[in-house]
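# Structural characterization, general
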Amino acid sequence: MPENYKRHPEAGELPEMTDVWLVQNSGQKYSGAVSMAYNFEGGPDDESLVVGCNGKSYPHTAIGRHGNFLQWGYGEPPAQMTADGRKLFLNCVCYISKFAGRRPLARNQAMNRRCAFHYRAFPTKIAKKYKGREEELYQLHKDNIELLRYEQKQLSVNTFEFMFPIDAELKDLGIESNRRISTLEQLTALLAPNPAASQSDLSFLARLKANRRHRNRAQTARRLLTRYTGLDFESRQQWRQWLEEHRGRLFFSDFGGYKFYVIPEGYPAGPAPEAAKEPFWFPR
Amino acid sequence: MRVVDMLHKSTFGIVAVAIIRLAAAGASQGATPKVDLNILYAGTPAGPRTADFAAFLARHLASVETTDLATLTEEHASRFDVVVLDHDARRPPRPKFSDGYKVPTVTVGAAGAHIGSTNRLKTGYL
């Protein structure tokens, strides 16, 4: 295992020795580039095809596809590729030719939530609370991985700070994930009229409290629907209609800004949104 | 970011089959039949790397045209089945494509990863 791999948690998955397949004879230790493995979410517009041995960490992508773009990460020209490397390159050219018209659907707006563990980028306030108990901090975020979001703060022209807070608002509503279709259904249900409003057996004060609580939850639900779809409908009926119309063609993307996207008509849907294959590594 | 070599075991089967078929086709017929794809290679104009890629691709694919990556246009790219974007300068050009660009495109090496970053793709530079 390369020494640089051992600095990152993903190395725990790897044996000390492993077989590799040679693509190029570069005469250097490394030649080319890899892409972040966690960018590839198993959605309708992406594929991580080959993992590349690299100078940073496992399991980043040497050959990957996003829409109609295929990145061949190896840096050497054909004369320096191995015979099998040349055949693989030709295969890649032939393979991507099948994706005419299949543009990328989700462009980069955020980092995948797995980066929280790779970079240990937890919110400062929580990190301070768990100082000296880093493993508990790690476990807290692992337990809440379905609710992680991404926030980025620009510090200067070329530097920014990023972190992965847990969506406390979703959690307070009793919702377990921000990336399942059922999340949208649960939030839409919270927009329904308050049943307590018509209950004559409740006292006036009880009805008032129930109404206020319901109104607050409905407002939060509407705000979260907008957060996770980028849309802003006025009424519950409009949200329900949109959900019914697009339910079978929705996918969620961390990379695309922690939002649901609608797969356009005629664009192959890929795996079912909630059955999409997870990237290679998951925090332990 | 740098990479040398590794083939993930879960994809090796698919790639190995494709390689074997390509090799078998060549072995049985003597000359390997060319794949019916018209390629545009956009790289360093008149450089040895461009000549290497162009010659290699021309041996296996129906036609190859070369052009300068720095002056590539979407209109020019749209006339081909696949476009290969490559460069060996320390600061290579990073063309920005429109959201509607749909031509199958291979981006190569570090220059390709930078193009991915410029276009906000998942294949961007780590």
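Keep in mind the model is a prediction, meaning the values are calculated, not measured. (Residues numbered from 1 in each chain as written. Chains lettered and ligands numbered in written order. Predicted model: local features only at pLDDT ≥ 70, side-chain atom pairs only at ≥ 80, totals over all residues.)

This part is about the overall build of chain A. The number of helices and strands found in chain A is 8 helices and 7 strands. On the principal axes, the C-alpha backbone points of chain A span a range of 85 × 55 × 40 Å. Out of the 284 residues in chain A, the part that is buried amounts to 38%. Restricting the contact set of chain A to residue pairs at least 6 apart, pairs at least 24 apart contribute 63%. (Helix = DSSP H or I, 4+ residues; strand = E, 2+ residues; numbered from the N terminus. Buried ≥ 20, exposed ≤ 12 C-beta atoms within 10 Å, placed from the backbone. Contact = placed C-beta atoms within 7 Å.)

Moving on to the overall build of chain B. For chain B, the count of helices and strands is 4 helices and 4 strands. Put simply, chain B runs from its N terminus to its C terminus through helices and strands in the order α-β-α-β-α-β-β-α. Across the 126 residues in chain B, those meeting the buried criterion constitute 41%. The long-range fraction of contacts in chain B, counting pairs at least 24 apart against all pairs at least 6 apart in sequence, stands at 51%.

So, on to the sheet that holds strand 4 (residues 105–108) of chain B. Sheet strands pair by backbone hydrogen bonding; their relative direction is either parallel or antiparallel. Spatially, 7 strands are ordered 1(A)-2(A)-3(A)-4(B)-3(B)-1(B)-2(B) in an open sheet, and the strand pairing comes out mixed. The open sheet is flanked by strand 1 (46–51) of chain A together with strand 2 (61–68) of chain B, the only strands paired with a single partner. Between one strand axis and the next, the sheet turns through 20° on average, direction left out of account. Two strands pair when backbone bridges link them, and strand 3 (residues 69–72) of chain A and strand 4 of chain B are joined in this way by 4 bridges, in the parallel orientation. In the strand pairing of strand 4 of chain B, Phe 69 of chain A is matched with Thr 105 of chain B. Along the sheet, helix 1 (residues 83–96) of chain A contacts strand 2 (61–66) and strand 3 of chain A together with strand 1 (35–43), strand 3 (82–85) and strand 4 of chain B; its crossing angle with strand 3 of chain A, the most-contacted strand, is approximately 170°. Taken strand by strand, helix 2 (residues 48–60) of chain B contacts strand 1, strand 2 and strand 3 of chain B, and its axis lies near 175° from that of strand 1 of chain B. (Pairing = 2+ DSSP bridges. Axes fitted to C-alpha atoms, helices over the stretch in contact; angles between N-to-C directions.)

We now examine the domain arrangement of chain A. All names here are of chain A. Domain parsing of chain A yields domain 1 (3–99) and domain 2 (115–262). Computed over C-alpha atoms, the centres of domain 1 and domain 2 are 35 Å apart. A per-class count over the side of domain 1 that touches domain 2 returns 3 nonpolar, 3 polar and 1 charged. (Domains from an automatic or database assignment. Nonpolar A, V, L, I, M, F, W, Y, C, P; charged D, E, K, R; others polar.)

Next up on the list: the pairing of strand 5 (residues 160–163) of chain A. Residues and elements named next belong to chain A. As judged from the 4 bridges shared by strand 4 (residues 151–154) and strand 5, these two strands associate in the antiparallel manner. From the neighbouring strand, Glu 151 faces strand 5, where its bridge partner is Met 163. The turn joining strand 4 and strand 5, which pair antiparallel and follow one another in sequence, is formed by 5 residues.

Proteins that are soluble and globular tend to have nonpolar side chains buried together. Of all hydrophobic cores here, the largest spans 49 residues; its most connected members are Cys 92 of chain A together with Ile 39, Val 83, Val 84 and Val 106 of chain B. Tallying contributions element by element places helix 1 of chain A first for this core, with 7 residues. With near-sequence residues (within four places) excluded, Val 83 of chain B lies in contact with Leu 40, Ala 42, Ala 77, Val 103 and Thr 105 of chain B. Within the second largest apolar cluster, 27 residues are counted, among which are Phe 122, Ile 166, Leu 187 and Tyr 261 of chain A. (Core = buried A, V, L, I, M, F, W, Y, C linked by C-beta atoms within 7 Å.)

What follows concerns helix 4 (residues 109–118) of chain B. For helix 4 of chain B, the tally of buried residues reaches 7 of 10 residues, placing the bulk of the element in the interior. When we look at burial in helix 4 of chain B, the residues that qualify are Gly 109, Ala 110, Ala 111, Gly 112, Ala 113, Ile 115 and Gly 116 of chain B. Lining the buried residues of helix 4 of chain B we find strand 3 of chain A together with strand 3 and strand 4 of chain B. Just downstream of helix 4 of chain B, Arg 120 of chain B is the residue with a positive phi angle, here 55°.

Facing 44 residues of chain B, the contacting portion of chain A comprises 58 residues. Secondary-structure elements contributing two or more residues to the side of chain B that touches chain A are helix 1 (9–29), strand 1, helix 2, strand 4 and helix 4 of chain B. Taken together, the residues of the side of chain B that touches chain A sort by class into 24 nonpolar, 11 polar and 9 charged.

Residue and element names in this part refer to chain A. Turning to its location among the elements, Thr 188 is positioned in helix 6 (residues 181–189). On the basis of neighbour counts, which here come to 20 C-beta atoms within 10 Å, the residue Thr 188 falls in the buried class. In contact with Thr 188, not counting residues within four places along its chain, are Arg 236, Trp 239, Arg 240 and Leu 243.

So, on to helix 6 of chain A. Residues and elements named next belong to chain A. Listed in full, the buried residues belonging to helix 6 are Thr 183, Leu 184, Leu 187 and Thr 188. Down the axis of helix 6, the buried side of the element spans an arc of 130°, and every buried residue falls inside it. Every exposed residue of helix 6 that faces more than 90 degrees away from the buried side is listed here: Ser 182 and Ala 189. (Arc of directions from axis to C-beta.)

Along the chain, His 141 of chain A turns up in helix 4 (residues 134–143). Excluding anything up to four places from it in sequence, His 141 of chain A contacts Ala 116, Phe 122, Leu 148 and Phe 164 of chain A.

Turning to its location among the elements, Arg 103 of chain A is positioned in the loop between helix 1 and helix 2 (115–118). Each C-alpha atom of the pair Arg 103 of chain A and Phe 69 of chain A lies 8.0 Å from the other, and the pair is 34 residues apart in sequence. Setting aside residues up to four positions removed in sequence, Arg 103 of chain A forms contacts with Gly 67 and Asn 68 of chain A together with Asp 99, Gly 100, Tyr 101 and Lys 102 of chain B.

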